[in-house]
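Structural overview
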Amino acid sequence: MTSLLGLAVLAVTLAGPALAFVPIGGGGSTHVSITGTAMLQKVMETCKAVAADNGYDFNPTGNSPEEIVQACLGPTATGDVSGAKFHSALQEIYMQNGLVDRDFVNSAPHHFNSEAFLEGRSLITEGVAAIKANIRNENFQAARETLGKILHTLQDFYSHSNWVELGHKEPYLSLIRQDLPIENIADISTPTCSDCAGGTCGNQILSNILNQGKLTSGYMGIFSNAKPSGKCSHGGPSDLTSLAVPRGGIHKDERRTDNQENHDAAVNVATAATLQLLEDIRLAAGDNDFLRMLGIARSSVVCFVIDTTGSMSDDIEEARKVVYEIIDSKKGTQDEPSEYILVPFNDPKFGPVTKTVDPEIMKMEISKLKAQGGGDEPEMCYSGIQLALTTAPSYSNIYVFTDASAKDANLKDTLIALIRTTKSTVNFFMTNLRRRRRSTRGGTFNDYKDLALASGGQAIQVTKGELPQATDIILDTSTSALVTVLQQDRNPGKPDTFSFSLDDSLKNITIYITGTSISFTLKNPAGVTQSSSQTTGALATIKPVGNLWRSSLNADRATGTWQINITSNNPYTVKVTGQSTIAFIYDFVEKFEGPHPGYSVLTGRPQEGQPANLMLPVMGRKGPSSLKIKEVSLITVSSSGSTNATISDMGNGVILATVPLVPKEEFVVRVKGIDTVSNTEFQRQSTTQMSVSKVNIQATVSSSMEPGKVFTLPFSVFTNGAGGQYKINARNDRDFSMTYPSSLSLIPGQYTNATLTITPPAGTISGTDVTLTLDASLGSDSNYVVLRLSVLEKITDFYPPLCEIISVQVACPDDLSQCHSSAWELVANLTDGNGTGIDSVKLQQGNGNLTEVNHGDPAQYRYNASCCSQVVEIVAVDKIGNVGKCYHSIERSASAPAERLSVLVMLSLLFSVFIVRPN
């Protein structure tokens, strides 16, 4: 299907298949609209099922992401919840979907071109196996990236083959089931199309191909017009084979006058196929993990990175108290964290990672931490932070407790790359300031300040006695719907005035100023002021601790333009945050050409001296219609200078912003507009600082890795700056063995190609994800690419569990109004045969009770239900993630007498779904 200009549009998801954007290359439905329509439907179905299981109704007040997430999480939690994770998750899926048109433009299997049906099916089934393994290991980002890619391939089957011309209106199940055959493929010597001199003809496929039900697809040639004799072409200006007889093309990517019916049919079946694949993943993963993969969760993730050396006893105790307070005070509210992550470190060890959604497990793990060892100051702090950044989801807040410098300071550039890629915020709590000296073996506390500043976090220096007061910032920021209104720094320091707008939606507004020898004055829109010497005043409650001033604005604060006047000649930072569902996410994007042009997420930093494009989904309180965007700009954090973008409203709150030149200094993104719910002006800023580079790295992950086998990753490096010998560096968070060139000789304006190899150990667990950071540098100029790779064991079990219904006993009355007083029973055997073994059995439909009555192979289950619940569906999932279903309905036999049991069993066999393995 056609690539979409935006590719990053949750708006299409929420608005259905209507065209909110004009795709490059033609009209019609797109991969994004198809994926979005199916995603929204499946999310709604899953949320409804979760609500029913937990005893509440799923009734969203509207179709905005915030309203959907709020309704899905349930009515018991109070307060605002952000839809940013939902946006971000779908953004990743859409972008990876679109990248198939860039990275695999000439690969027939990725598009089901050139009759590559078996190869295309392998891409899908191997991808589904990787997704299920990733979800089992809670590697949700890796799962989303693979999902986007395989959905593109799946959807292309219906556009590029003759499936709909053969009269099929349902998805081809064999595409997602390796155990089912793909039948009746036209062989290479069989002509399939007639000639179309004009290039677009209504029906080129030969009648005998249609009559015999043979499967074919168009051949595609970007660099050559060669194709087997008599074969169909894909078609279009980029397909050179379309000029070779038989000319023309059979693709249905775009709606044209000659193919409207087939295009619409392809869209409908592709949407149904997308739903079918999503349902298979949902059944294997379970409803809760399926929703977590799609970002349906509260936005806060609590992630602690804690130094456990001997001098850290007080710090560990304080971290423990904060965790307990977060768990106890936020339980049952929208601010209850969706996940807890703990990474301890000392020297020479770091980790292991504890990652859990269970607060009691987090309490238990942090209670086990003990301060011991150390004494030589530098610790493995950066390795601990690296683990946190690669484990926590994007846009997380990470809290680091340490009293020593970093021994592994060589990881600093890697951390900067990970921060910019994940857009996570790192906050440091640094105690025992007598140890701020530079270590000959590591970095300094100033390096921690640099990392905090780059991420938009705080570097708080306190004594151990002051630490309990400083940790209020953790309670502030471990909240749902956290947004940044203003973020600036001055180094060297100078007196300055900072203005910012507060809108009606903002709550719990806090101002953080870090630095030494500072005084400041707050001023509200009415001209009322309060100085930093007034700890309690008309505007705020101000608390100084260490190098941090924390000012909490009073609840009755005024909307409009506020000011902070800061007096200091020392370096300082200022940041204003609050809680609001008005927010935005963004990516720098670059245009790519080809048969289906589009935009892809820019890897690394944007190019110096070049214009740039940003894609920004913007979220309002009542969906995109409740916002009017007035300005998108890049703000230099050290001077408040701005570069305004030309904005194109792509519809439904998605903005394409173009800047003529990216600032050379570190910058953040700022959005201003009107909240139409309250008619007040708002402003929001991104937290992560970005900068430009003259270097660019390109790398594409084409498949999963296999345990114990060498994986080769090609990459290319380009510079529009100085030529020379560029240093190459690569790191991965699993410490897998790698080989790569230590340097590359670059000629300006030309790409230089190289390869990296990485080898996961033979015992690596299937579903493990690896974060690989690759960077190139010359002097002070550098750039990076961050890639996620999955390790997947070779799949040999493609067969789902089997279900055999043994007996059905029904004694239901003729009058269904009396159904409550009667019941029916079903007994079924479940087995995985010679497969990997059944991992889980659950009741997917039915209001009765499912119990295991005989454990073993086969396992026997009994289902009992009231006659009011007449349908049952049992789902069995094996250890690989293959899904088997057992369905039965008594609707046809509700009035039958109980003695007709043998007939009812026969009917159950007729109306149940059985999965039969070949012998």
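Only a predicted model underlies this, so the values are computations on that prediction, with no experimental measurement involved. (Residues numbered from 1 in each chain as written. Predicted model: local features only at pLDDT ≥ 70, side-chain atom pairs only at ≥ 80, totals over all residues. Heavy atoms only, no water.)

Brief notes about the overall build of the protein
Each helix and strand counted, the protein has 18 helices and 40 strands in total. A compact globule built from 919 residues would reach a C-alpha radius of gyration of about 29 Å, and the protein, at 29 Å, matches this within 12%. Overall, the protein is about 85 × 70 × 55 Å in size when its C-alpha atoms are taken along their principal axes. The proportion of buried residues among the 919 residues of the protein is 60%. (Helix = DSSP H or I, 4+ residues; strand = E, 2+ residues; numbered from the N terminus. Rg over C-alpha atoms; globule rule 2.2 N^0.38 Å. Buried < 20%, exposed > 50% of the residue type's maximum accessible area, 1.4 Å probe, protein only.)

Considering the sheet that holds strand E14 (residues 560-567)
The four strands lie next to each other as E8-E14-E10-E11, forming an open sheet whose pairing is antiparallel. This sheet does not close on itself; its edge strands, each paired only once, are strand E8 (496-502) and strand E11 (529-531). The sheet shows a mean angle of 20° between the axes of neighbouring strands, direction not considered. Pairing of E8 with E14 involves seven bridges; the strand directions are antiparallel. Each bridged residue has a counterpart across the sheet, and for Thr-497 the counterpart in E14 is Asn-565. (Pairing = 2+ DSSP bridges. Axes fitted to C-alpha atoms, helices over the stretch in contact; angles between N-to-C directions.)

What to know about the pattern of salt bridges
Inspection of every chain in the model, using the stated rule, returns 41 salt bridges. Its salt-bridge partner being Lys-231, residue Glu-115 comes within 3.0 Å of it at the nearest N-O pair. Taken together, the residues Glu-115 in the loop between helix H5 (108-111) and helix H6 (117-136) and Lys-231 in the loop between helix H8 (207-211) and helix H9 (260-285) connect sequence positions 116 residues apart. Judged by its relative accessible area of 11%, Glu-115 is buried. Of the residues examined, Lys-231 reaches a relative accessible area of 0% and is grouped as buried. Linking Asp-403 and Lys-464 is a salt bridge whose minimum nitrogen-to-oxygen distance equals 3.5 Å. (Salt bridge = Lys/Arg side-chain N within 4 Å of Asp/Glu carboxyl O.)

Overview of the sheet that holds strand E26 (residues 695-699)
Sheet architecture is open: four strands sit in the order E26-E27-E31-E29, paired in antiparallel fashion. Looking along the sheet, the strands with just one partner apiece sit at the ends: E26 and strand E29 (737-739). Averaged over all adjacent pairs, the angle separating strand axes in this sheet is 25°, with direction ignored. With seven bridges joining them, strand E27 (residues 711-719) and strand E31 (residues 752-759) adopt antiparallel strand pairing. Bridge pairing in E31 places Pro-714 opposite Thr-755.

Structural notes on the nonpolar core
The biggest cluster of nonpolar side chains holds 56 residues, and the ones touching the most others in it are Leu-147, Leu-154, Phe-157, Tyr-158, Leu-277, Met-293 and Ile-296. Contributing elements (two or more residues each) for this core: helix H2 (31-53), helix H3 (65-73), helix H4 (84-103), H6, helix H7 (140-160), H9 and helix H10 (287-293). Residues in contact with Ile-296, not counting those within four places in the same chain, are Val-43, Cys-47, Val-69, Cys-72, Phe-86 and Leu-291. Among the nonpolar cores identified, the runner-up in size contains 30 residues, and Ile-341, Ala-406, Val-426 and Leu-451 belong to it. (Core = buried A, V, L, I, M, F, W, Y, C linked by side-chain atoms within 4.5 Å. Contact = heavy atoms within 4.5 Å.)

Focus on the state of the cysteines
Within this structure, the stated rule accounts for six disulfides. Sulfur-sulfur distance for the disulfide between Cys-47 and Cys-72 comes to 2.1 Å. Measuring the twist about the S-S bond at about -95°, one finds the Cys-47-Cys-72 disulfide to be left-handed. A residue pair is termed long-range when its members are at least 10 positions apart, and Cys-47 in helix H2 and Cys-72 in helix H3 qualify at 25 residues. Taken as a pair, Cys-47 and Cys-72 share a single burial class, namely buried. At a sulfur-sulfur separation of 1.9 Å, the disulfide partner of Cys-196 is Cys-201. Sign of the S-S torsion, about 90° for the bond between Cys-196 and Cys-201, identifies this disulfide as right-handed. (Disulfide = S-S within 2.5 Å.)

Concerning the pairing of strand E17 (residues 587-592)
In this sheet, strand E19 (residues 612-619) lies alongside E17 in antiparallel orientation, the contact comprising three bridges. Paired with Asp-587 across the two strands is Met-615, which belongs to E19. Pairing between E17 and strand E18 (residues 598-601): four bridges, direction antiparallel. Following the sheet pairing, Val-589 is matched in E18 by Val-601. Once E17 ends, the chain turns through five residues before running back antiparallel as E18, passing Gly-594 with a positive phi of about 130°.

Let's talk about empty space enclosed by the protein
For the coordinates displayed, the defined rule picks out six cavities of 30 Å³ or more. If you trace the largest cavity, you find 37 residues lining it, with Tyr-395, Leu-482, Val-483, Thr-484 and Thr-687 closest to the centre. When contributions to the lining of the largest cavity are tallied by element, the ones reaching two or more residues are H4, strand E5 (425-430), helix H17 (472-477), strand E7 (482-490), strand E15 (572-579), strand E16 (583-584) and strand E25 (680-685). Looking at the lining of the largest cavity, the element that brings in the most residues is E7, giving three residues. Taken together, the residues that form the lining of the largest cavity break down as 12 nonpolar, 21 polar and four charged. (1 Å grid on protein atoms, 1.4 Å probe; cavity = no way out; pocket = protein on both sides within 12 Å on 5 of 7 lines; lining within 4 Å. Points joined across faces, edges and corners; volume = space filled by probe spheres on them. Nonpolar A, V, L, I, M, F, W, Y, C, P; charged D, E, K, R; others polar.)

Notes on helix H14 (residues 412-422)
Buried residues dominate H14, accounting for nine of its 11 residues. Here H14 has its buried residues at Lys-412, Thr-414, Leu-415, Ile-416, Ala-417, Leu-418, Ile-419, Arg-420 and Thr-422. Lining the buried residues of H14 we find helix H13 (381-391), E5, helix H15 (445-455), strand E28 (724-732), strand E32 (769-778) and strand E33 (781-790). Looking one or two places after H14, you find Lys-423, whose phi comes out positive at around 55°.

Some details on the packing of H14 against H15
With their axes 10 Å apart at the nearest point, H14 and H15 run at an angle of 15° to one another. By the angle between their directions, the pair H14 and H15 is classed as roughly parallel. As H14 runs across H15, the sense of the crossing is right-handed. On H15, the residues that touch Lys-412, Leu-415, Ile-416 and Ile-419 of H14 are Asp-447, Asp-450, Leu-451, Ala-454 and Ser-455. Among the residues forming the contact of H14 with H15, the class breakdown is five nonpolar, one polar and three charged. (Parallel < 35°, antiparallel > 145°, perpendicular 65-115°, else oblique. Left-handed = near helix turned anticlockwise from the far one by under 90°.)

Some details on the packing of aromatic side chains
Here the structure, examined in full by the defined rule, presents 19 aromatic pairs. By way of ring pairs, the aromatic residues Phe-112, Phe-117, Phe-157, Tyr-158, Trp-163 and Tyr-172 are connected into one cluster. Here Lys-363 stacks its cationic end above the ring of Tyr-324, 5.4 Å away from the centre of that ring. (Phe/Tyr/Trp six-rings, centres within 6.5 Å; stacked < 30°, edge-to-face > 60°. Lys NZ or Arg CZ within 6 Å of the ring centre and 35° of its normal.)

Looking at the environment of Pro-468
Along the chain, the position of Pro-468 falls in helix H16 (residues 467-470). Judged by its relative accessible area of 40%, Pro-468 falls in the partly exposed class. Put simply, Pro-468 and Val-545 are 77 residues apart on the chain and 9.6 Å apart in space, counted from C-alpha to C-alpha.

A word on the side chain of Asp-253
Assignment of secondary structure puts Asp-253 in the loop between H8 and H9. Arg-256 is the oppositely charged side chain nearest to the buried, salt-bridge-free Asp-253, at an N-O distance of 7.6 Å. Within the structure, the side chain of Asp-253 is placed 3.4 Å from the side chain of His-234, a separation counted as a polar contact. (Lys, Arg positive; Asp, Glu negative; His and termini not counted. Polar contact = N/O pair within 3.5 Å; in protein donor to acceptor, adjacent residues only side chain to side chain.)

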